[in-house]
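Architecture and fold: a report
Letter by letter, the chains look like this.
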Amino acid sequence: MIFRLANMCLWFCLLAALLSGMAVHAKSVPVEDLKAILQAEDELRFDDVLISLLTSDNGSVRERAALAAGRIGDKAALPYLEKLLFSGPPTDAPMAAFAIGEVESIEGADSILRILNENLAPDDVRAAAIEAAGKIAAANANEPKAVELANAILLNLDFENIREGGRDREVVLAGLTAVLRARPKNAEKAIGVFLTDRDPIIRTDAANAITRLGSKSWRDILLGMLRRDSEPTARANAARALGTFPEPDVINELLASAEGDSDSRVRVSALGSLGRLSDKNSGERILKRAETLFAVYRKSKFRRPSETNELLVIASALGSIYKDTPDARAVDFLKRFSAAEKRGSVEIETALARVSPNSYASTPLPPETEWKSLSAIAGGFSAASRSEKISDESKAAIRNRLLERIKAVNSGNEKPGMSFGDVLSAFAGFKSDGFENLIRPSLKSDDEYLRATAASLFETPSAENMASLIEAFNFGAKDKSPDAQLAAIDTASKLYSKLPETGKALPQFEGMLQEAAKSADYLVVRKAIAVARDAGIALDIERESVGFEFPGSGRVVRRDYAKVARRTKARALVTTEKGKFVIELFPRDAPLTVENFISLAKSGYFNGLEIHRVVPNFVVQDGDPRGDGNGGPGWQIRCEINRLSYERGMVGMALSGKDTGGSQWFITHSRQPHLDGGYTIFGRIDDSGMKVVDRLVRRDVIKRIKIIE
């Protein structure tokens, strides 16, 4: 595989074609065409309608139809996309390559390899092809072609490193993210050379890739970035990457950043690395920082102090640093912080349990009505029970306390609250004999999310457990969410794979998969097909696809596609306890997602909801009416993956798997390239608004969202 430079004639030809194509792409997509495209996407339907649009005289229509073909994911679209890639106007090629990657079929690998190995394509096409290579390789990791794709990604990064006339930013950024998906061997060397790039975004992404690969290379360069880089996100990612180096000078630099960096994203990243390094000598300085910040927290004018985010990271770090060494000062701080948080933060409870597991074992379980505290303490009990220093007596005390609560619920003396699933999970961790018999009653709970949790906890491959899971699957047929059915199928398949060959003649299991394949919910259908394929079970369906023959879903809201197609702009004014910010919505890039968000907002759905998740230097997440991360509106919407990137302030849809969006949405604190191409981006918040977002913490309230069209 040799890189070749195109001759001047070829480039002039390409330029001429590009200029001629620009006029074509200047046209917009007619409403009727866009309406047809949106409906095909929503129904996961690649047919003659889209095929005709892929050959339209309007370049914008072709481009939008290509994106739809990728989103639908039917490999039948590949020949048409490949024709656009190699035979259409040059302006069609980037989207065609991107769409081939979205299909994720290994049958699209050869066309992507042709682009990457010959290196004759323009940079925007190569960038899209590199992104596609990463997606196809990740989706087909066991295929030989996946290795070829991974190597092609590295070759293109190497070329950019030595390229005369300077690197192409988009190609490099696409390559750094694709490496995280394809995981080629020797990736660290190809990535590390970009840590010193003049472009701060390239440096930031290179450090992110080094961190996510778990690399133990480039120590000195990362130290230099942490000390001197002018870009805060580059410093933050360098701090994260340094969490694998236990040397004193690294620890000192991390402490200096944790104590004094002007950007909170750098401070929390440094604290996270100090927690992973678990150096006892750093504990005193972190405790000093904790006391200083806690004093500010106590004086805050806000109901939920903004300092909470950083203090929770400090708590987690202390839990690691003082693990099984009950330092009095650390325990005292954690107890005071726990009391201030009303025992409702799992990070603090887990830290207390790790530092002093035997003492934590005496913690009483709050009533089910105090579900946030119960959930946090159940998490603490799980951490304490895993400690090497916990006594048998303390371990038994925790187990018995959990068992007492489970029996009370199973007998009907208490109602299962929002966090009863966390109690079951904590108890299951003890692997007690017969623990599955105690979990079994929850498979018939009215709470579908509790049923999903219970189903996921079964581990013993027995006919009785298989029968219970199949019953739970049938019980979940009328749920608003497919979570319980999906969990039942997933766990049943794992137990089935562990059964002896003589026990695998289970017609009930095959019957469950046959029934699942006929479901009105395409997510259940997709799961059934994948499980049946792995188990060697033939399903009574015409084609083993991933839902394309099952366009409808009883849990999917139907939209007025013409109305959606006509929308060109909209904003959302979000009012919180900490101030207001505006989301600029992207109806052209994610029309159905924007329509879903607008409909929910206009109905008042988001008004009064608590923010249920904040991960400092990552995301703020809202939109769950339950408040525990499991809730939704009772339907799912399709993913609308687009070519936007997760910069700071981007708004995306939260998922529990492909095409599972509903009402939960998130905002990124900083650039998160590994989310690109996996989660729908449907809006953006400007720098002014992000000052408000940065102050938000878990359990802050979204007072209202007003739509401005």
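Rules used in this analysis
Residues numbered from 1 in each chain as written. Predicted model: local features only at pLDDT ≥ 70, side-chain atom pairs only at ≥ 80, totals over all residues. Heavy atoms only, no water. Core = buried A, V, L, I, M, F, W, Y, C linked by side-chain atoms within 4.5 Å. Buried < 20%, exposed > 50% of the residue type's maximum accessible area, 1.4 Å probe, protein only. Contact = heavy atoms within 4.5 Å. 1 Å grid on protein atoms, 1.4 Å probe; cavity = no way out; pocket = protein on both sides within 12 Å on 5 of 7 lines; lining within 4 Å. Points joined across faces, edges and corners; volume = space filled by probe spheres on them. Helix = DSSP H or I, 4+ residues; strand = E, 2+ residues; numbered from the N terminus. Nonpolar A, V, L, I, M, F, W, Y, C, P; charged D, E, K, R; others polar. Pairing = 2+ DSSP bridges. Patch = residues over 30% accessible without salt bridge, like charges linked within 9 Å, V, L, I, M, F, W, Y side chains within 5 Å. Areas by Shrake-Rupley, 256 points an atom, 1.4 Å probe, with all protein chains shown as cover. Salt bridge = Lys/Arg side-chain N within 4 Å of Asp/Glu carboxyl O. Lys, Arg positive; Asp, Glu negative; His and termini not counted. Charge placed at Lys NZ, Arg CZ, Asp CG, Glu CD.

Moving on, we get to the nonpolar core. Core analysis: the biggest nonpolar cluster contains 187 residues, and Ile-112, Leu-222, Phe-333 and Phe-509 have the highest contact counts within it. If sequence neighbours within four positions are ignored, Phe-333 has contacts with Leu-287, Ala-290, Glu-291, Phe-294, Leu-311, Ile-314 and Leu-318. Val-594, Phe-597, Val-620 and Val-693 belong to the second largest nonpolar core, which has 32 residues in total.

Approximately 950 Å³ is the volume attributed to the largest pocket. Along the walls of the largest pocket sit 37 residues, with Ser-481, Pro-482, Asp-483, Ser-656 and Thr-660 positioned nearest its centre. Of all the secondary-structure elements, those providing two or more residues to the lining of the largest pocket are α26 (448-456), α28 (483-498) and α30 (522-535). When the residues that make up the lining of the largest pocket are grouped by side-chain class, the tally is eleven nonpolar, 16 polar and ten charged.

For the structure on display, the rule yields five cavities of 30 Å³ or more. Space inside the second largest cavity adds up to approximately 40 Å³. Lining the second largest cavity are Glu-41, Leu-44, Arg-71, Arg-638, Cys-639, Glu-640 and Asp-659. A per-class count over the lining of the second largest cavity returns two nonpolar, no polar and five charged.

Now for unusual backbone geometry. A positive phi angle, close to 65°, is found at Glu-104, a residue other than glycine. Along the polypeptide, Glu-104 turns up in the loop between α6 (93-103) and α7 (109-118). Exposure remark for Glu-104: the relative accessible area of 32% places this residue in the partly exposed category. A positive phi is found at Asn-186, a non-glycine position, where the angle reads about 60°. Checked against the element boundaries, Asn-186 lands in the loop between α10 (169-182) and α11 (187-192). On the accessibility criterion, Asn-186 (67% relative accessible area) is exposed.

Strand order in the open sheet formed by nine strands is β3-β9-β1-β2-β8-β6-β7-β5-β4, and the pairing between neighbours is antiparallel. On the outer flanks of this sheet lie β3 (609-610) and β4 (613-615), each paired with one strand and no other.

On the surface, a cluster of positive charge is made up of Lys-580, Lys-703, Arg-704 and Lys-706. Of the residues forming the positive patch, the biggest block, three residues, is contributed by strand β9 (residues 701-708). What makes Lys-703 partly exposed here is its relative accessible area of 45%.

Relative to the elements of secondary structure, Arg-643 occurs in the loop between β5 (619-622) and β6 (650-653). Through-space distance from the C-alpha of Arg-643 to that of Leu-67 is 9.6 Å; in sequence the pair is 576 residues apart.

Burial of β6 is two-sided: the residues Met-650 and Gly-652 facing one way and the residues Val-651 and Met-653 facing the other way are all buried. Here β6 pairs with strand β8 (residues 681-685) via three bridges, running antiparallel. Across the sheet, residue Met-650 finds its bridge partner in β8, namely Arg-684. As paired elements, β6 and strand β7 (residues 665-668) share three bridges and run antiparallel to each other. Considered in β7, the bridge of Val-651 is made with Ile-667.

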